2 protein chains.
Amino acid sequence: MRTSIATVSLSGSLTEKLTAAARAGFDGVEIFENDLLASPLGPEEVRARTADLGLTIDLYQPMRDIEGVPQGEFTRGLRRARHKFEVMERLGADTVLLCSSVSPLAVDDDELAAGQLHQLADLAEDFGIRVAYEALAWGRHVSTYDHAWSIVEAADHPALGTCLDSFHILARGSDPKGIEDIPGEKIFFLQLADAPLMAMDVLQWSRHYRCFPGQGGFDIAGLLAHVVRAGYDGPLSLEVFNDVFRQAEAGPTAVDARRSLLVLQEETGLAAPPEPVVPSGVAFAELVTPDVVPVSALLGALGFSRTARHRSKPVDLWQQGEARVLVNTGPAARRDGTALAAIGLESPDPAGAARRAESLLAPVLPRRRALQDAPLDAVAAPDGTELFFCATDRPGLPSWTGDFEPVEHRQDPRRLARVDHLALTQPWHQFDEAALFHHSVLGLSAQESVDVADPYGLHRSRAVTNSDGTVRIALSVGPAPSDDGARAQHIAFATEDVVTAARCFRDAGGRLLAMPANYYDDLAARFEFTDEELATYRELGILYDRDSDGEFRHCYTETIGRVFFELVQRDGGYRGYGAQNAPVRLAAQHAVRPGR
Amino acid sequence: MRTSIATVSLSGSLTEKLTAAARAGFDGVEIFENDLLASPLGPEEVRARTADLGLTIDLYQPMRDIEGVPQGEFTRGLRRARHKFEVMERLGADTVLLCSSVSPLAVDDDELAAGQLHQLADLAEDFGIRVAYEALAWGRHVSTYDHAWSIVEAADHPALGTCLDSFHILARGSDPKGIEDIPGEKIFFLQLADAPLMAMDVLQWSRHYRCFPGQGGFDIAGLLAHVVRAGYDGPLSLEVFNDVFRQAEAGPTAVDARRSLLVLQEETGLAAPPEPVVPSGVAFAELVTPDVVPVSALLGALGFSRTARHRSKPVDLWQQGEARVLVNTGPAARRDGTALAAIGLESPDPAGAARRAESLLAPVLPRRRALQDAPLDAVAAPDGTELFFCATDRPGLPSWTGDFEPVEHRQDPRRLARVDHLALTQPWHQFDEAALFHHSVLGLSAQESVDVADPYGLHRSRAVTNSDGTVRIALSVGPAPSDDGARAQHIAFATEDVVTAARCFRDAGGRLLAMPANYYDDLAARFEFTDEELATYRELGILYDRDSDGEFRHCYTETIGRVFFELVQRDGGYRGYGAQNAPVRLAAQHAVRPGR
C-alpha cells in the first residue's frame with residue numbers, strides 16, 4: 001500500500017520535512033496546517049516542491065469545530081472552510097481532515113451535525129475536495145470512530161467519508177472490529193500512530209507521547225487488518241506527535257517512520273520483505289583505537305591472546321574461547337578515540353540477513369576491502385555501529401577469519417567463554433528507533449525498558465536478545481541530549497567463574513573498578529553469604545543479583561576511551577543484566593572520572 | 001521549624017548533595033539508601049562529613065516489605081532490619097522510614113501487620129531507633145495515611161510512629177483533615193512534595209514528576225496546617241523525585257528547595273519573612289552590548305532618544321515615554337555579546353523588596369558603584385538576570401536617574417508608551433525554579449504554562465505578572481538543555497498604534513521580521529478583515545490574535561545577539577502574549593538565521 005506521513009511527525013521547516021519524507025521513500029505527505037502557515041513558500045510553491053520530490057499531498061489537516069454548532073457559528077465555519085478549500089486547490093490537495101468539534105459551543109445533536117456536514121461536503125465537492133471526518137478521542141460529543149461513522153452515514157454525501165486514527169481508536173479502548181462494518185470506500189483516510197501504554201490524560205498522551213507503529217504498546221497490525229478487510233485502499237499514513245521526534249533530525253526520523261510501516265505491512269500480511277534471519281551468536285566485537293598499547297594490555301590481562309592479523313588492514317584478532325575482539329588502528333580510530341565500532345553477528349544466512357536489513361532501510365555499508373578479502377555483508381545500526389553478518393569458519397561460506405593470518409601466540413588457560421552481551425549507549429533522539437531497528441531488522445526480541453538512576457540523571461535501558469540468549473544487546477540512553485563522543489559502550493564476557501577470572505585479571509595487572517564498601521554491607525543484609533564469600537566480592541568489586549530464575553555475579557574493568565569491559569557469571573536461568581546494581585556501578589565510574 | 005531534604009532530591013554524589021544542602025541552609029537531610037550504598041564514604045565518614053557541614057541526619061530511608069508478610073519472610077525482614085539498624089548506628093541516624101509493603105507476598109491482615117511492626121519496633125528500640133511507618137499510595141494493602149496510622153495505633157509501641165508524605169496523601173485524593181486526629185508525638189516524620197496535577201499512573205507520577213512545594217498543584221500549605229495542628233514538631237523535609245532535578249546542578253536546586261519551604265512556612269503562618277513588595281512597573285531594561293552601533297541604530301529607529309549618560313560607567317539611557325532602555329558597553333558586554341542583562345523594577349519600597357528577596361535566598365548583588373551613585377538594591381534571578389528595585393524620580397528616595405547626566409537630544413513624537421513585557425528564555429534546568437522565584441520573591445502571579453511549537457522542538461512558556469499588568473515577564477524554556485549563549489530574550493514595547501509604530505520604524509531604516517504570506521491567508525479565513533487592513537499587516541509583518549476580552553496586534557524586529565524587540569498593541573482586555581502566533585514567529589526567526 002502507499003505510505004504517507006504527516007509533516008507534524010518530523011522536525012524542521014516544511015521543506016526539510018518534505019525532503020526527509022521523500023528521501024526515506026514515502027509516497028505522500030499529510031500537510032499539517034501550521035507547517036504551511038509558517039512556511040515562506042506559498043501553496044503553489046509547496047505543490048511544485050512536493051511534486052519535484054515525487055510526493056503526493058494526500059491530506060490537508062486539520063479543520064475543526066465546524067459541525068454540530070449553532071447556525072451563526074456554522075456560517076462562519078463554512079466561510080473559513082471556503083478559504084481553506086481555496087488554499088487546498090492551490091496546493092493540489094484533494095482530501096481534508098475534519099476533526100470532531102471540541103468547541104464549547106458544540107451541541108449534542110447528531111442530526112444537526114450530519115446536516116451541517118452535508119452542507120460542508122456540498123461546498124467541498126465544488127472544489128473537487130473530499131472531507132474525511134474523524135472522531136477525536138477528546139471530541140466534545142463525538143469521540144469514538146463508530147459514532148463519527150454513524151454521522152457520516154446519516155449525512156450521506158459522496159464527498160464525505162470518515163478518517164480513522166489508530167491512536168484515537170485504541171486510546172479510548174474501542175473495539176476496532178467494528179471498522180469492518182464501514183464500507184471501504186467511505187474510509188477516506190487512515191492515520192496510524194502507536195503509543196506506550198500509559199495511564200494518563202488522553203490529550204497529553206496524544207500530543208506528546210505518540211510513536212511509530214511497533215514502538216508502543218498498541219496492536220496496530222490488528223487494527224490495520226480490520227481496515228483492510230473493510231476494503232480500504234488509501235495510504236497508510238503516520239501522524240505522530242512526539243516531543244523527541246520534534247527535536248530530532250528529520251532524516252533519520254523519516255527512515256525510522258517508514259521502516260515502521262514496512263514492518264507493519266509485513267505483520268499484517270500486506271507485504272513480504274525477505275524474512276528475518278535471527279543471529280545465532282556474536283562472531284566478534286571490533287574496537288577502534290588510536291593507541292593499541294593500553295587496549296592490548298587490558299585484553300591480555302583478561303586472558304585474550306593475539307591470534308591473528310588482518311592481511312590488508314591494521315587489525316588484530318584477539319581470541320579466547322568463543323570470545324573474539326578485533327582491534328583496529330585504522331583511520332576511524334584517529335577520529336573517534338577508543339570505541340566499539342562494529343559487531344560481527346553470527347548468522348545462519350549472512351546474505352539473507354543483509355537482504356532483510358536492506359529491505360528495511362538499514363544503510364548498507366560499502367565493502368571497503370582488498371580484492372582478496374572475504375565479501376562481508378554489513379549495515380549500520382541507528383547509532384552508527386557497523387553490524388557484520390558472519391559465517392565464522394563454516395564450510396561453503398566465506399569466513400571473515402580467512403582474511404586473517406595466524407600469528408604465533410601463547411595460549412593461556414581459558415577463563416572467558418564468549419561475549420555475554422554488548423551494551424551501547426544510544427544517541428538521545430534515537431532510542432525508540434534503535435529498539436525497533438534491532439527487533440525488525442535483526443529479529444531480536446525487545447525486553448521491557450527499565451529506569452536506572454545515575455548520580456547525574458536517569459538512564460533508560462532496554463535489551464534486545466535472540467531466543468537462547470546467545471545474542472544480547474543492551475541499549476541505553478542518558479538523561480538528556482549530550483556529547484555523542486561521551487556515549488559509553490561496554491563488552492561483557494561470560495565466565496563460569498567470575499572470582500577466578502577477576503583475580504587472574506588483577507594479578508595480570510588489570511585494574512578492576514572498585515565498589516563502595518557500603519554496597520557489601522547491604523549485600524550482607526539482603527542475602528546470606530559467608531563472610532569469606534563477601535570478603536572476596538568486596539576485594540574484587542564483584543556485584544551480585546538474584547531473581548527467581550538464578551544468580552548473577554559481575555565486575556568491571558577500568559574504562560579506555562568510551563569502552564570498558566564486564567565479566568559476568570550467570571547461574572541458573574538468570575536473564576537480566578544486574579540493573580539493580582547499575583546505580584552503584586555508575587557512581588563508582590563517576591568517582592574515578594571526576595568532573596562528570 | 002527545622003528544614004530537611006532527602007538526598008534523592010538532589011543531583012550528584014552523596015558529598016555533592018550534602019554540601020549543596022548545607023550551603024542552601026538546610027538543618028538536616030534524609031539519607032536515601034542508594035546514595036549511601038553508592039558512596040565511597042563509610043557510614044562513620046558520612047556522619048562526620050554531615051556534622052562538619054552542620055547538618056543532622058533526620059531520616060534513613062527507606063526500608064520496605066517488612067510487615068504483613070508470612071512468618072519466614074518476616075524473619076528474613078527482621079534480619080535485614082538488624083543490619084540496617086547497625087548501619088544507622090554508625091551513621092548516627094535515629095529514625096528510619098518504613099514504607100508499606102508492595103511485596104506480592106504481603107497479606108491483607110492489619111493485625112498481622114501491627115504485630116510484626118511491634119516486633120520490629122522492639123528491635124529498633126534496642127538500637128535507640130524510631131520506626132516511621134508510611135503508606136505508599138501504591139502500597140499493596142496499605143495505601144492511605146489513616147490506614148497506616150490505624151495499624152501504628154494498634155501496634156502501640158513507643159518506638160513506632162507514622163510518617164506522613166504529602167504526595168502520597170494528596171495524590172490519592174485523601175482528605176488531610178483527618179491528620180489532626182493523630183497525636184502529634186506519633187507523627188515521627190513529615191515528607192513534603194508537590195506535583196503538577198496530572199491524570200496519570202500514580203507510581204510514574206511520583207517517581208518522575210514530583211516538585212517542590214509551590215511548583216505544582218497540591219495544597220501543601222493546607223496539609224501542613226493540619227499536621228501542625230496535630231502537634232507535629234519535627235522537621236519539614238522535602239522528598240522530591242524529579243527527572244530534571246536529578247540532572248540539574250545540586251547547588252541551585254538546593255536553594256530552590258529551601259526557598260520553597262520558606263514560602264510554605266509563610267503561607268502556613270509558621271514564619272513571617274519581610275512581606276512581598278509587588279513591583280508596580282518596569283523602570284528600565286538594561287542591555288549589554290559589545291557593539292553600540294547596531295543597538296543604537298535599532299533603538300533610534302524605534303523612536304528612542306539617547307537622553308542621558310551615566311556619570312561613572314559606559315551606560316547610555318535611551319527613553320521614549322515611560323519606556324527606558326539602558327545600553328551598557330562595560331565589561332559584561334565583552335563576555336556575553338548583546339544580551340538583556342538587567343531589569344529595573346519600579347518598587348513601592350525598594351529596600352523592603354530587597355529584604356524580601358534576601359530572606360528568600362535571592363543572591364544579593366554587590367553594589368558596584370562609584371561613591372556618588374545612588375544606592376540601588378539588586379538581586380539575581382535564577383537565570384542570572386539582575387533585578388534592580390527602583391524608585392524612579394520619586395521624592396525622598398534615591399533614584400537611579402540621578403546617576404545619569406542629561407545629554408542634548410531631539411525628541412521625536414512618541415510612538416511607544418512603555419515596556420509591555422519582557423521575555424526571557426530560562427536555563428533548561430531552572431524553569432520551575434524561575435516561576436517559584438518570581439512568584440515568591442517578587443510577588444508576581446504565575447499564569448498557566450503553555451506549549452509552543454518551534455520547528456525544532458516544543459517550548460514551554462509561562463508568564464508572571466502583577467495584578468494590573470504593568471509588570472509582565474514571560475518565562476520560557478526550550479526543548480532540551482542547550483547552549484546558554486543562545487537563549488533568546490526580548491523586550492516588548494506597548495504602543496497604541498502598532499501600524500504607525502511599525503511603519504515609522506521601517507521608514508527610519510529598521511528591519512521588521514517578515515511573516516509568511518500563508519499566515520495572512522489564514523487570518524483572512526479566521527477573521528473578517530478588510531483587504532486593506534490585511535494588506536497592511538502583511539506588508540509590516542503584523543500578527544493578530546483575539547480572545548473573549550480583546551485584541552492583540554504585534555510585530556518583531558530583527559535580532560541582535562540574543563535580543564530582539566516586539567511592538568504590541570493591546571485593545572480591550574486582552575491579557576495574553578499571542579502564543580497562537582508564536583510558532584509562525586519562531587519559524588520566521590529560524591528562516592532568517594539558517595542552520596538552527
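What you see is a predicted model, and the numbers here were worked out from it, not measured in a lab. (Residues numbered from 1 in each chain as written. Chains lettered and ligands numbered in written order. Predicted model: local features only at pLDDT ≥ 70, side-chain atom pairs only at ≥ 80, totals over all residues. Heavy atoms only, no water.)

1. A look at the state of the cysteines
- In the structure shown here, the tally under the stated rule is zero disulfides over all chains.
- Cys-99 of chain A carries a free sulfur, and the closest cysteine sulfur to it, the one in Cys-163 of chain A, is 7.9 Å from it.
- Note on Cys-99 of chain A: relative accessible area 3%, which makes it buried.
- Free of any disulfide, Cys-555 of chain B has its nearest neighbouring cysteine sulfur in Cys-504 of chain B, separated by 12 Å. (Disulfide = S-S within 2.5 Å. Buried < 20%, exposed > 50% of the residue type's maximum accessible area, 1.4 Å probe, protein only.)

2. Things to note about helix α18 (residues 582–591) of chain B
- Within α18 of chain B, nine of the ten residues are buried, leaving the element largely enclosed by the surrounding structure.
- Considered for burial, the residues of α18 of chain B that qualify are Ala-582, Pro-583, Val-584, Arg-585, Leu-586, Ala-587, Ala-588, Gln-589 and His-590 of chain B. (Helix = DSSP H or I, 4+ residues; strand = E, 2+ residues; numbered from the N terminus.)

3. Looking at the packing of aromatic side chains
- Summed over all chains, the structure comprises 36 aromatic pairs over all chains.
- With a centroid separation of 4.9 Å and 75 degrees between ring planes, the pair formed by Phe-527 of chain A and Tyr-544 of chain A is classed as edge-to-face. Of this pair, Phe-527 of chain A sits in the loop between α16 (517–526) and α17 (531–540) while Tyr-544 of chain A sits in strand β23 (residues 543–546), and the two are 17 residues apart along the sequence.
- Residue class for Tyr-544 of chain A comes out buried when judged on its relative accessible area of 0%.
- Members of the aromatic cluster, joined through ring pairs, are Phe-284, Phe-388, Trp-400 and Phe-404 of chain A.
- Here the basic side chain of Arg-130 of chain B rests over the ring of Phe-188 of chain B, its NZ or CZ set 4.0 Å away from the ring centre.
- The ring of Tyr-577 of chain B is capped by Arg-570 of chain B, whose NZ or CZ atom sits 5.4 Å from the centre of that ring. (Phe/Tyr/Trp six-rings, centres within 6.5 Å; stacked < 30°, edge-to-face > 60°. Lys NZ or Arg CZ within 6 Å of the ring centre and 35° of its normal.)

4. Focus: the pairing of strand β21 (residues 472–477) of chain B
Residues and elements named next belong to chain B.
- For β21, a buried count of six out of six residues is recorded, marking the element as mostly surrounded by other parts of the structure.
- The two faces of β21 match: Arg-472, Ala-474 and Ser-476 on one face and Ile-473, Leu-475 and Val-477 on the other face are all buried.
- Inspection of the sheet shows strand β17 (residues 418–425) paired to β21 by four bridges, in the parallel sense. Within β21, the position partnered with Leu-422 by the bridge is Ile-473.
- The pairing of strand β20 (residues 457–465) with β21 spans six bridges and is antiparallel. When the bridges of β21 are listed, Arg-462 appears paired with Leu-475.
- Here β20 folds back onto β21, and the loop between the two strands holds six residues, one of which, Gly-469, carries a positive phi near 75 degrees. (Pairing = 2+ DSSP bridges.)

5. Considerations on the interface of chain B and chain A
- Taken together, the contact between chain B and chain A spans 49 residues of the former and 49 residues of the latter.
- For the pair chain B and chain A, the two sides together bury roughly 3,900 Å², of which 53% comes from carbon and sulfur.
- The interface formed by chain B and chain A contains four salt bridges.
- The residue Asp-521 of chain B makes a salt bridge to Arg-90 of chain A at a minimum N-O spacing of 3.2 Å.
- Where chain B packs against chain A, one counts 31 residue pairs in polar contact (both at pLDDT 80 or more).
- For the side of chain B that touches chain A, the secondary-structure elements that each account for two or more residues are α2 (33–37), α4 (71–91), β19 (450–454), β20, α16 (517–526) and α18 of chain B.
- At seven residues, the largest contribution of residues to the side of chain B that touches chain A is made by α16 of chain B.
- Of the residues belonging to the side of chain B that touches chain A, the class tally is 24 nonpolar, ten polar and 15 charged. (Contact = heavy atoms within 4.5 Å. Buried area = accessible area lost by both parts, 1.4 Å probe. Salt bridge = Lys/Arg side-chain N within 4 Å of Asp/Glu carboxyl O. Polar contact = N/O pair within 3.5 Å; in protein donor to acceptor, adjacent residues only side chain to side chain. Nonpolar A, V, L, I, M, F, W, Y, C, P; charged D, E, K, R; others polar.)

6. Re unusual backbone geometry
- Residues other than glycine seldom take positive phi values, yet Leu-361 of chain A does so here, at roughly 70 degrees.
- Mapped onto the secondary structure, Leu-361 of chain A falls in the loop between α13 (350–359) and β14 (377–380).
- On the basis of relative accessibility, which here comes to 23%, the residue Leu-361 of chain A falls in the partly exposed class.
- Despite not being glycine, Asp-65 of chain B has its phi angle at roughly 60 degrees, a positive value.
- Inspection of the secondary structure puts Asp-65 of chain B in the loop between β3 (56–64) and α4.

7. Some points on helix α1 (residues 14–23) of chain B
Residue and element names in this part refer to chain B.
- Here α1 has its buried residues at Leu-14, Lys-17, Leu-18, Ala-20, Ala-21 and Ala-22.
- At its buried positions, α1 is contacted by β1 (3–6), β2 (28–32), α2, α3 (43–52) and α10 (250–267).
- Where α1 terminates, the next one or two residues include Gly-25, which has phi positive at roughly 95 degrees.

8. Focus on the relation of the copies chain B and chain A
- The transformation that overlays chain B on chain A combines an axial shift of 0.0 Å with a rotation of 180 degrees, and the residual RMSD is 0.0 Å. What we have between these two chains is a two-fold relation. No C-alpha of chain B lies nearer the rotation axis than that of Met-200 of chain B, which sits 1.9 Å from it.
- Take the interface residues of chain B: 100% of them recur as interface residues in chain A, which is what a same-surface contact looks like. (Least-squares fit on C-alpha atoms with pLDDT ≥ 70 in both.)

9. Considerations on the sheet that holds strand β11 (residues 315–320) of chain B
Residues and elements named next belong to chain B.
- Spatially, the eight strands line up as an open sheet ordered β14-β15-β13-β9-β12-β11-β10-β16, and their pairing is mixed. Only two strands of the sheet have a single neighbouring strand rather than two, namely β14 (377–380) and β16 (404–406). In this sheet, neighbouring strand axes are inclined to one another by 30 degrees on average, regardless of whether the strands run parallel or antiparallel.
- One ladder, built from six bridges, connects β11 with strand β12 (residues 323–328); its direction is antiparallel. Residue Asp-316 lies in a different strand from β12, and its bridge partner there is Val-327.
- Here helix α11 (residues 292–301) sits on the sheet and contacts β9 (281–288), β11 and β12; the angle it forms with β12, its principal contact strand, is near 170 degrees. (Axes fitted to C-alpha atoms, helices over the stretch in contact; angles between N-to-C directions.)

10. Some details on the sheet that holds strand β2 (residues 28–32) of chain A
Residues and elements named next belong to chain A.
- Strands sit in the order β1-β2-β3-β4-β5-β6-β7-β8 around a closed barrel of eight strands; the barrel is parallel. With direction set aside, neighbouring strand axes in the sheet form an average angle of 30 degrees.
- Bridging between strand β3 (residues 56–64) and strand β4 (residues 95–99) involves three bridges; their strand directions are parallel. Paired with Arg-64 across the bridge in β4 is Cys-99.
- Lying over the sheet, helix α9 (residues 220–229) contacts β6 (160–165), β7 (187–192) and β8 (236–238), oriented at roughly 170 degrees with respect to β7.

11. Focus on the side chain of Thr-268 of chain A
Residues and elements named next belong to chain A.
- Examined against the element boundaries, Thr-268 turns out to sit in the loop between α10 (250–267) and β9 (281–288).
- Here Thr-268 falls in the buried class, since its relative accessible area comes to 18%.
- Side-chain polar atoms of Thr-268 contact the backbone oxygen of Leu-264, separated by 2.6 Å.
- If we skip the residues at most four places from it in the chain, Thr-268 touches Ala-221, Leu-224 and Ala-225.

12. Re the environment of His-421 of chain A
- Note that His-421 of chain A resides in strand β17 (residues 418–425).
- Along the chain, His-421 of chain A and Glu-558 of chain A lie 137 residues apart, while their C-alpha atoms are 18 Å from each other.

13. Some points on the pairing of β14 of chain B
- Where burial is concerned, the two faces of β14 of chain B agree: the one with Asp-377 and Val-379 of chain B and the one with Ala-378 and Ala-380 of chain B are both buried.
- The turn linking β14 of chain B back onto strand β15 (residues 386–390) of chain B is made up of five residues, and Gly-384 of chain B within it adopts a positive phi angle of 95 degrees.

14. Digging into the nonpolar core
- Phe-85 of chain A together with Phe-85 of chain B are the most contacted members of the largest nonpolar core, which totals 188 residues.
- In contact with Phe-85 of chain A, other than residues within four places in its own chain, are Met-63, Val-96, Leu-120, Leu-123, Ala-124, Phe-127, Ile-129 and Val-131 of chain A. (Core = buried A, V, L, I, M, F, W, Y, C linked by side-chain atoms within 4.5 Å.)

15. Considerations on the pattern of salt bridges
Residue and element names in this part refer to chain A.
- Tallied over the full model, the rule gives 52 salt bridges over all chains.
- Between Glu-322 and Arg-324 there is a salt bridge, with its nearest N and O atoms 2.8 Å apart.
- We note a salt bridge from Arg-553 to Asp-571, for which the minimum N-O separation is 3.4 Å. Placement of the pair is Arg-553 in strand β24 (residues 550–560) and Asp-571 in strand β25 (residues 563–572), with a sequence separation of 18 residues.

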